[in-house]
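So the chains spell out like this:
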Amino acid sequence: MSANGSAGFSLADEARRMRRRLIAHIEAGGTTDLVAGTLGVPASVYTDPARFAAEQHDIFGELPLLAGLSGDIARPGDLMLFDAAGSEILLVRGHDGTVRAFLNICRHRGARLVTHCEPRQRISCPFHNWSYDLDGRLVGIPVGAAFEGLDRAAHGLLRVPVAEWHGMIFVIARPGEETIDVREFLGPAAPLFAALDLAGATPVHADTLPVRANWKLALDSFCEPYHVPAAHPRTLAPALVPWVAIYDRFGIHQRYASPGAEVKDYAGKPDTELPEPYYQGVHSLFPNTTFTVGRLVGIGNREPFIAFYRIFPGDSVGEAVAHGSIYLPRGGDPATIPDLEKAHASIMQVVSGEDFVIAADSWKRLASAPPGYRLTFGRNEMLLQQNHRLIADLIGMPIVS
Ligand code: FES
Ligand SMILES: [Fe+2]
């Protein structure tokens with residue numbers, strides 16, 4: 001393993017290998033990667049409130065979830081809130097540079113400690129002004145005599161498991177003191193994510209959208225490009241070769257990539273006659289995050305960007321919340337930030353006006369589907385197959401197909 005954890009993983013080599021595979025599909029007349037079989041799933045996979053409760057508890061309450069990137073809280077005293085998976089969590093970068101996470105609740109009488117995320121040196125409660133340092137220690141009580149005998153050391157902020165790894169910040173969204181082994185969680189995807197160099201990414205914009213559908217229905221459309229020609233005919237489809245994709249599995253995480261329209265012209269040519277490829281892919285970070293790395297197409301001049309989209313369960317089995325965030329990669333030109341902002345706005349518009357409209361309509365139909373109705377994931381919808389199998393296994397309610 002190299003010093004930076006990427007094990008000699010070269011994004012440039014990976015980009016070359018991936019483009020070769022895409023070109024081969026185009027040379028074969030427009031084929032695509034396929035897995036061995038289809039998977040049928042009952043509508044109840046999306047609509048059963050018992051499954052929903054189990055997913056909230058066993059998946060969103062137990063697995064590491066991406067809370068943000070290091071650049072979101074770059075300096076000591078920076079903080080952010082993460083409330084998408086139940087308890088509201090406060091993430092703080094300490095004076096020692098370490099990120100810590102706490103429940104956003106005062107140990108005095110339960111007030112919400114932080115509402116606005118401006119940087120600070122102390123965390124002071126808006127109710128009676130108890131104060132905590134950036135390590136979460138209780139360091140100030142007005143009228144201290146009134147709390148004589150209180151074990152202050154035992155009244156620090158309640159800790160939440162958190163880990164920062166190569167620019168990614170993960171939490172487990174419940175109180176706890178354990179460490180998160182990110183390398184183990186990422187498994188075979190770890191060298192790739194280390195190579196993406198996310199520690200150097202600068203946040204540009206983030207948004208949240210409500211979705212009127214089960215969270216998995218909202219997530220599904222991020223996990224396959226099969227829908228792009230029909231669902232995004234004027235927005236995304238013109239930039240891509242339709243129905244061609246390559247797929248890779250990295251343990252519980254996955255990736256797909258589709259060829260840009262220009263790749264059609266690369267058929268029959270050796271790499272030496274082609275422009276230097278850049279790394280691009282859509283990474284499915286289990287359980288709920290889609291991580292896109294590439295260049296802006298259609299807006300700007302192919303500037304590099306990093307974006308991720310997270311889907312969380314909403315208040316009921318038929319509601320979800322989508323978070324979208326875009327970043328400027330390390331070495332990216334800050335002059336391109338306006339283009340990144342424009343691209344983010346247009347992606348969110350496409351997601352909300354095209355993907356989530358379909359997801360919400362599908363939700364209504366699935367919620368009232370006739371008994372025995374089953375959905376079918378094709379051999380080209382392998383990300384969905386694996387995600388749904390894994391989710392079902394983790395909650396102990398296997399899919400009966
Ligand atoms: S509730 Fe926070 S100081 Fe009283
Ligand atoms: Fe889509």
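Residues numbered from 1 in each chain as written. Chains lettered and ligands numbered in written order. Predicted model: local features only at pLDDT ≥ 70, side-chain atom pairs only at ≥ 80, totals over all residues.

Caption draft 1: Highlighting the overall build of the protein chain. Helices and strands together make up the secondary structure of the protein chain, namely 9 helices and 18 strands. Computed over C-alpha atoms, the radius of gyration of the protein chain comes to 23 Å, within 12% of the 21 Å expected from 2.2 N^0.38 for 401 residues, which places it in the range of a compact globule. For the C-alpha atoms alone, the extent of the protein chain along its principal axes is close to 80 × 55 × 40 Å. When burial is assessed residue by residue, the protein chain has 40% of its 401 residues classed as buried. (Helix = DSSP H or I, 4+ residues; strand = E, 2+ residues; numbered from the N terminus. Rg over C-alpha atoms; globule rule 2.2 N^0.38 Å. Buried ≥ 20, exposed ≤ 12 C-beta atoms within 10 Å, placed from the backbone.)

Caption draft 2: Just the nonpolar core, in detail. With 102 residues, the main nonpolar core has Leu91, Val162, Val171 and Ala218 as its most contacted residues. Built from parts of two domains, this core gets at least three residues from each of domain 1 (11-61 + 187-394) and domain 2 (65-179). Excluding anything up to four places from it in sequence, Val162 contacts Leu91, Val99, Arg100, Ala101, Ile169, Phe170, Val171 and Ile180. (Core = buried A, V, L, I, M, F, W, Y, C linked by C-beta atoms within 7 Å. Domains from an automatic or database assignment. Contact = placed C-beta atoms within 7 Å.)

Caption draft 3: Inspection of the domain arrangement of the protein chain at higher detail. Segmenting the protein chain into domains produces domain 1 (11-61 + 187-394) and domain 2 (65-179). Its C-alpha centre places domain 1 at a distance of 32 Å from the equivalent point of domain 2. Domain 1 puts 20 residues into the contact, and the matching count from domain 2 is 14 residues. Secondary structure elements with two or more residues in the side of domain 1 that touches domain 2: α5 (190-195), β11 (202-211), β16 (304-313) and β17 (320-328). For the side of domain 1 that touches domain 2, the residue count by class is 12 nonpolar, 6 polar and 2 charged. (Nonpolar A, V, L, I, M, F, W, Y, C, P; charged D, E, K, R; others polar.)

Caption draft 4: How the structure looks around helix α1 (residues 11-27). With 17 residues, α1 should cover 24 Å at 1.5 Å per step; its first-to-last C-alpha distance of 24 Å lies within 8% of that length. Listing the buried residues of α1 in full gives Arg19, Leu22, Ile23 and His25. For α1, the arc enclosing every buried residue in end-on projection is 155°, short of the 170-degree limit, so these residues lie on one face. Across α1 from its buried face, at more than 90 degrees, point the exposed residues Asp13 and Glu27. (Expected span 1.5 Å × (residues − 1). Arc of directions from axis to C-beta.)

Caption draft 5: Summary view of the sheet that holds strand β15 (residues 289-295). Here 7 strands make up an open sheet; going across it, the order is β11-β17-β16-β15-β14-β13-β12 and the pairing antiparallel. Two strands lie at the open edges of the sheet, namely β11 and β12 (246-250), each paired on one side alone. Each strand of the sheet is rotated relative to its neighbour by a mean of 15°, with strand direction disregarded. Where β11 meets β17, 9 bridges bridge the pair, whose relative direction is antiparallel. Note on β17: the bridge partner recorded for Thr208 is His323. (Pairing = 2+ DSSP bridges. Axes fitted to C-alpha atoms, helices over the stretch in contact; angles between N-to-C directions.)

Caption draft 6: Focus on the environment of Leu134. You can see Leu134 is positioned in the loop between β7 (131-133) and β8 (138-140). Taking the C-alpha atoms as reference, Leu134 lies 7.4 Å from His95; in sequence the two are 39 residues apart. The residues touching Leu134, leaving out its near neighbours within four places in the chain, are Pro76, Gly77, Val92, Gly94 and His95.

Caption draft 7: Molecular detail of unusual backbone geometry. Here the amide bond leading from Phe286 into Pro287 is cis, since omega sits at 5°, within 30 degrees of zero. Topologically, Pro287 is positioned in the loop between β14 (281-285) and β15. Look at Val143: it is not a glycine, yet its phi comes out positive at around 55°. Owing to 8 C-beta atoms within 10 Å, Val143 belongs among the exposed residues under this scheme. Residues other than glycine seldom take positive phi values, yet Asp197 does so here, at roughly 60°. Here Asp197 shows up in the loop between α5 and β11. On the basis of neighbour counts, which here come to 17 C-beta atoms within 10 Å, the residue Asp197 falls in the partly exposed class.

Caption draft 8: Expanded view of the sheet that holds β7. Read across the sheet, 3 strands follow the order β6-β7-β8 without closing on themselves; strand pairing throughout is antiparallel. Two strands lie at the open edges of the sheet, namely β6 (122-124) and β8, each paired on one side alone. Averaged over all neighbouring strand pairs, the angle between strand axes comes to 40°, with direction disregarded. Where β6 and β7 come together, 3 bridges link them in antiparallel fashion. Pairing of Ile123 across the sheet is with Tyr132, part of β7.

Caption draft 9: Region of the structure containing the pairing of strand β10 (residues 168-171). Side chains of β10 alternate between two faces, with Met168 and Phe170 and Ile169 and Val171 buried alike. Taken together, the 4 bridges between strand β2 (residues 65-69) and β10 define a ladder with antiparallel strand orientation. Note on β10: the bridge partner recorded for Leu65 is Val171. Bridge count for strand β9 (residues 162-165) against β10 is 4 bridges, and the pairing is antiparallel. Bridge pairing in β10 links Val162 to Val171. Remark: 2 residues form the turn of the hairpin made by β9 and β10, two consecutive strands paired antiparallel; His166 in that turn has positive phi of roughly 45°.

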